[in-house]
Amino acid sequence: MPSQRPMNQSGKNRTAGAFALCAGLFLAIALLKFGNPAILEHAVQIAQTGAQSSPSNAGLAEILMGRTSRGPADIYELLFQAWPLHWGYWMIGALACLGVCAARWRLPKPTWLAATPFLWLIWLFVSAVDTIDPVLTRLTMVHLTTVVLCYCLGLFALSKVESIRLFWTPILLGFLLMIYIGFEQHFGGLEATRRFIYSQPGWENLSPEYLKRLASNRIFATMIYPNALAGALLLLLPAMTVAAWQIGHFLTKPTRLVLAGLVLIVGLACLFWSGSKAGWLFALVQGVVLLLGTRLQKRWKIMVVVAVILAGLTVFAFRFSEYFQRGAPSASARIEYWRVAVRVFLDNPVTGTGPGTFKTNYQRLKPREAEMARLTHNDYLQQACDSGLPGAIAYAVFIWGTLYQCRRVSLSDKMSHAVWLGLTGWSLQGLTEFGLYVPASSWTAFFLFGWLIGKSESTE
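Computed from a predicted structure; not experimentally measured. (Residues numbered from 1 in each chain as written. Predicted model: local features only at pLDDT ≥ 70, side-chain atom pairs only at ≥ 80, totals over all residues. Heavy atoms only, no water.)

Undergrad: Would you mind going over the pattern of salt bridges with me for this structure?
TA: In a structure, side chains of opposite charge can pair up when their charged atoms sit close to one another. This structure, assessed with the given rule, holds five salt bridges. E191 is paired through a salt bridge with R195; the nearest N and O atoms lie 3.8 Å apart. Of the two residues, E191 and R195 are both situated in helix 9 (residues 165-198); the distance of four residues between them amounts to about one turn of the helix. Linking R334 and E433 is a salt bridge whose minimum nitrogen-to-oxygen distance equals 2.2 Å. With a gap of 99 residues between them, R334 in helix 16 (residues 329-347) and E433 in the loop between helix 19 (414-429) and helix 20 (439-459) connect regions that are remote in the sequence. Take R334 and E433: they sit in the same class, and that class is buried. Bridged by salt links that share partners, the residues E191, R194 and R195 form one connected network. (Salt bridge = Lys/Arg side-chain N within 4 Å of Asp/Glu carboxyl O. Helix = DSSP H or I, 4+ residues; strand = E, 2+ residues; numbered from the N terminus. Buried < 20%, exposed > 50% of the residue type's maximum accessible area, 1.4 Å probe, protein only.)

Shown next, in the form of structure tokens:
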């Protein structure tokens with residue numbers, strides 16, 4: 001009888017370790033295979049069933065989006081194309097079954113903050129009752145429910161795991177493979193793709209935004225487009241740099257330093273080649289925050305921070321000078337998206353028009369000459385126009401309240417601080433992008449939010 005408790009504890013630890021490994025594998029797969037927004041499931045279905053007059057055009061649309069809703073047709077598509085989103089949902093369901101066995105069901109303090117994602121999700125369901133587009137709302141609600149489920153798994157299960165290295169190892173491998181694909185695109189892959197697309201019949205009938213993206217040299221790796229790649233890099237590069245250092249614990253310190261430095265350098269290179277203006281500025285903010293938290297003397301700290309800011313802004317000005325000479329077209333487009341989103345919110349301030357319905361509103365309210373957009377390119381404003389003021393407040397309070405609550409506790413160890421820094425960069429990018437609706441980044445971010453909140457309480 002006395003040995004029963006140690007045996008139970010040993011079994012619990014093995015289950016927790018298995019969960020951590022499976023969670024890491026799942027998020028690594030998500031980085032590589034689920035980089036398209038959830039609402040594009042609807043777009044792919046239309047391309048497959050509603051474009052019978054131009055089947056070649058439908059096929060090209062699928063190629064450009066890198067996925068099909070029916071799933072890969074052969075081993076090549078399985079390995080090199082994105083997967084249908086419902087595969088990811090089944091994976092999350094299986095992971096949740098394992099997580100239940102490893103979980104400890106207690107909300108950390110402050111309880112109200114830890115419970116905010118549940119309140120946000122409940123309000124989304126309330127808003128969904130009176131949606132103006134049931135198809136888009138259904139796709140969005142399934143996705144956002146899995147986002148909150150990932151948060152639960154991070155909070156109740158992953159934060160209780162002692163050997164967290166099992167979690168980070170597969171994510172690092174997936175991250176490096178994503179980086180490799182980005183390098184391959186930069187060094188000839190994009191040009192090869194262009195030649196292939198232009199060799200297909202009917203390519204000139206593709207939508208202007210697809211043709212514009214195809215003509216660009218900006219890399220996007222496994223994500224839907226370059227700014228989504230920048231969001232994934234902002235989110236994971238700090239943690240992956242630390243992971244490379246910690247996973248190589250059996251190596252000499254100089255070797256570990258080289259490995260961590262290489263991960264940082266190749267990640268920054270992909271961020272640079274993505275051509276993301278906001279991504280570069282938010283990475284600069286991350287660097288400044290990191291430096292401000294060092295133990296350097298105040299005088300040296302100020303000098304280093306000023307030097308980093310000047311160097312970052314100089315690179316920014318050099319890299320994007322042509323963009324500003326052209327009048328910053330993407331910034332102007334975003335202003336138009338936000339104008340419409342504010343108008344929709346003011347007309348529907350309580351419940352919005354339904355989760356995921358910005359596309360329907362924008363199609364109706366946009367200027368005739370403006371190109372089409374499916375998302376607001378601002379996660380916080382998207383919550384306001386889709387689910388009203390309560391939904392927007394709940395989402396923003398959770399994101400920024402968690403970052404504020406965990407800021408000091410995260411300094412207790414390098415990985416916690418790296419995760420906090422990555423979540424800060426991802427949350428900032430949410431002001432200009434739609435990372436919440438890209439499963440690869442939102443599943444990972446909410447997993448890490450849950451882990452950070454749960455771990456922060458245990459280290460206080």
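Undergrad: Looking at this model, I keep getting lost on the packing of helix 16 against helix 17 (residues 358-365). Mind explaining?
TA: Two quantities define a packed helix pair, namely the angle between the helix axes and the distance between the axes. Running from amino to carboxyl end, helix 16 crosses helix 17 at an angle of 105 degrees, the nearest separation of the two axes being 10 Å. Looking at the two axes, helix 16 sits roughly perpendicular to helix 17. Residues E336, Y337, R339, V340, A341, R343 and V344 of helix 16 form the contact with helix 17, whose participating residues are F358, N361, Y362 and L365. Of the residues belonging to the contact of helix 16 with helix 17, the class tally is seven nonpolar, one polar and three charged. (Axes fitted to C-alpha atoms, helices over the stretch in contact; angles between N-to-C directions. Parallel < 35°, antiparallel > 145°, perpendicular 65-115°, else oblique. Contact = heavy atoms within 4.5 Å. Nonpolar A, V, L, I, M, F, W, Y, C, P; charged D, E, K, R; others polar.)

Undergrad: Would you mind going over helix 11 (residues 226-247) with me for this structure?
TA: Along helix 11, the helix axis deviates most sharply at L236, where the bend reaches about 45 degrees; the proline P238 sits within four residues downstream. Summarising burial for helix 11: 20 of the 22 residues are buried, a large majority. (Bend = angle between axes of the 7 residues up to and from the residue.)

Undergrad: So what exactly am I meant to see when it comes to the nonpolar core here?
TA: A general trend in soluble globular proteins is that nonpolar side chains are found buried together. Counting residues in hydrophobic clusters, the biggest one holds 109 residues, and the most contacted among them are F167, W168, F175, M178, M240, W443 and F446. It is helix 11 that provides the largest number of residues to this core, a total of 15 residues. Excluding anything up to four places from it in sequence, F175 contacts L31, L233, L236, L237, M240 and V263. Core analysis: the second largest hydrophobic core is formed by 13 residues, V340, A341, V344 and L365 among them. (Core = buried A, V, L, I, M, F, W, Y, C linked by side-chain atoms within 4.5 Å.)

Undergrad: I would appreciate a short explanation of the environment of N378 in the present structure.
TA: Mapped onto the secondary structure, N378 falls in the loop between helix 17 and helix 18 (379-406). Separated by 56 residues in sequence, N378 and F434 place their C-alpha atoms 5.8 Å apart. Beyond its immediate sequence surroundings of up to four residues, N378 is in contact with W338, G430, L431, T432 and E433. Separated by 3.0 Å, the side chain of N378 and the backbone nitrogen of Y380 make a polar contact. (Polar contact = N/O pair within 3.5 Å; in protein donor to acceptor, adjacent residues only side chain to side chain.)

Undergrad: Please explain empty space enclosed by the protein as it appears in this structure.
TA: Once rolled over the atoms, a probe with the size of a water molecule shows which space is left empty. Taken as a whole and assessed by the stated rule, the structure comprises five cavities of 30 Å³ or more. Estimated volume of the second largest cavity: approximately 60 Å³. Every residue along the wall of the second largest cavity is listed here: Y225, N227, A228, G231, A232, W426, Q429, E433, F434, G435, V438 and S441. Those elements giving two or more residues to the lining of the second largest cavity turn out to be helix 11 and helix 19. If one sorts the elements of the lining of the second largest cavity by residue count, helix 11 sits on top with four residues. Classifying every residue of the lining of the second largest cavity by side-chain character gives six nonpolar, five polar and one charged. (1 Å grid on protein atoms, 1.4 Å probe; cavity = no way out; pocket = protein on both sides within 12 Å on 5 of 7 lines; lining within 4 Å. Points joined across faces, edges and corners; volume = space filled by probe spheres on them.)

Undergrad: How do you make sense of unusual backbone geometry when you look at a structure like this?
TA: With glycine set apart, most residues show a phi of negative sign, and most peptide bonds adopt trans. With omega at -5 degrees, the peptide bond leading from K109 into P110 counts as cis. With respect to the helices and strands, the residue P110 is situated in the loop between helix 5 (85-102) and helix 6 (111-114). If you check the backbone angles, A221 has positive phi at about 55 degrees while not being a glycine. Unlike most non-glycine residues, H377 shows phi in positive territory, near 60 degrees. Along the chain, the position of H377 falls in the loop between helix 17 and helix 18. A residue is classified by how much of its surface remains accessible, and H377, at 11% relative accessible area, is buried.

Undergrad: Help me understand the packing of aromatic side chains in this model?
TA: Centre-to-centre distance and the angle between the planes together describe a pair of aromatic rings. In total, this model carries 27 aromatic pairs according to the counting rule given. On the basis of an interplanar angle of 55 degrees and a centroid distance of 5.3 Å, the ring pair of F398 and F449 is categorised as tilted. With F398 in helix 18 and F449 in helix 20, the pair connects residues that are 51 residues apart, well separated along the chain. In this pair, the class of F398 matches that of F449, namely buried. Members of the aromatic cluster, connected to one another through ring pairs, are F118, W120, Y151, Y380, Y395, F398, W400, W426, F446 and F449. Positioned above the aromatic ring of W245, the side-chain terminus of R256 is 4.1 Å from the ring centre. In this structure, R407 packs its charged tip against the face of Y404, placed 3.9 Å from the ring centre. (Phe/Tyr/Trp six-rings, centres within 6.5 Å; stacked < 30°, edge-to-face > 60°. Lys NZ or Arg CZ within 6 Å of the ring centre and 35° of its normal.)

Undergrad: Sorry, what's going on with helix 14 (residues 298-319) here?
TA: Along an α-helix, residues three or four positions apart point the same way, because every turn accommodates 3.6 residues. The terminal C-alpha atoms of helix 14 lie 31 Å apart, and with 22 residues this matches the ideal 32 Å at 1.5 Å per residue to within 8%. Of the positions making up helix 14, those classed as buried are K301, V305, G312 and F316. Angular distribution of buried residues about the axis of helix 14 spans 40 degrees; they occupy a single face of the element. In helix 14, the exposed positions angled more than 90 degrees off the buried face are occupied by R299, L310, T314 and F318. (Expected span 1.5 Å × (residues − 1). Arc of directions from axis to C-beta.)

Undergrad: Can you help me understand the state of the cysteines in this one?
TA: A covalent bond bridging the sulfur atoms of two cysteines is what the word disulfide describes. Counted by the stated rule, this structure contains zero disulfides. Just so you know, C152 is unpaired, no disulfide at all, and the nearest cysteine sulfur is the one on C150, 9.2 Å from it. (Disulfide = S-S within 2.5 Å.)

Undergrad: Whenever I open this one, the confidence of the model for the chain confuses me. Can you help?
TA: It should be kept in mind that the predicted coordinates are not to be read in detail where pLDDT is low. Model confidence for the chain is summarised by a mean pLDDT of 84, while 87% of its residues fall at 70 or above. Element-level mean pLDDT values for the chain span from 41 in helix 3 (residues 55-65) up to 96 in helix 7 (residues 116-128). With pLDDT under 50 throughout, residues 1-5 is counted as low confidence; its partners more than four residues away or in other chains account for zero contacts. Confidence drops under pLDDT 50 across residues 44-68; counting only partners more than four residues distant or on other chains, this segment forms 49 contacts. (pLDDT = per-residue confidence, 0-100.)

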